[in-house]
Amino acid sequence: MAKYLAQIIILGSQAIGRAFAKALKQEIAASQEAARRSGGGRNGEKRAEVNARTGMTLEEAKQILNLSDLDNIEQIQKNYEHLHAVNEKVKGGSFYLQSKVFRAKERIDQELQYVLKDKPSESEEKTSRQQ
């Protein structure tokens, strides 16, 4: 009887150990993929900080506002205003969806500020070309 009990305990612990190792490998792979997508290094840290602050990734924000890129600021504003108006509580919309739209716009605005801050101005570019 004790022999069978010991075998059950050993098999159970092996199964749990394998499951833990597999979960750990998946978590490491997901972490590395997230770092790769966010640019890694200092840029990755800044994007991860913004993602944590807003609770939303840039990709998710672009999906919510139905955007493929961030080049057209008028399109971003147009999509935001439309989705925000459609989801007004007074019109029978969802406050939850309206808040997701607002957070998506907020996340995109932060990304645009980040990109514009790091992008050299035209006068800086001309100065560097002349030298």
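Residues numbered from 1 in each chain as written. Predicted model: local features only at pLDDT ≥ 70, side-chain atom pairs only at ≥ 80, totals over all residues. Heavy atoms only, no water.

By the naming in an unreviewed UniProt entry, the protein goes by Mitochondrial import inner membrane translocase subunit Tim16 and is assigned to Glossina pallidipes. Under Subcellular location (unreviewed entry), UniProt gives the following word-for-word description of the protein: "Mitochondrion inner membrane". UniProt's Sequence similarities (unreviewed entry) comment on the protein is quoted here verbatim: "Belongs to the TIM16/PAM16 family." (UniProt positions renumbered as here; feature names shortened; annotations may be inferred.)

K.L.:
Account for the pattern of salt bridges, naming residues and giving values.
P.N.:
A complete count under the given rule lists 4 salt bridges for this structure. Across the pair D109 and K105 runs a salt bridge whose closest N-O atoms are separated by 2.8 Å. With D109 and K105 both in helix α5 (residues 95-118) and 4 residues apart, this pair spans about one turn of that helix. According to the relative accessible area criterion, K105 is buried, its value standing at 11%. (Salt bridge = Lys/Arg side-chain N within 4 Å of Asp/Glu carboxyl O. Helix = DSSP H or I, 4+ residues; strand = E, 2+ residues; numbered from the N terminus. Buried < 20%, exposed > 50% of the residue type's maximum accessible area, 1.4 Å probe, protein only.)

K.L.:
Go over the nonpolar core with me, naming the residues and quoting the values.
P.N.:
Formed by M56, L58, A61, L65, L67, L70, I76, Y80, V101, A104, I108 and L112, the largest nonpolar core amounts to 12 residues. Only α3 (58-64), α4 (73-86) and α5 provide two or more residues apiece to this core. By residue number, the principal contributor to this core is α5, which donates 4 residues. When neighbours within four sequence positions are excluded, A61 is seen to be in contact with M56, A104, R107 and I108. (Core = buried A, V, L, I, M, F, W, Y, C linked by side-chain atoms within 4.5 Å. Contact = heavy atoms within 4.5 Å.)

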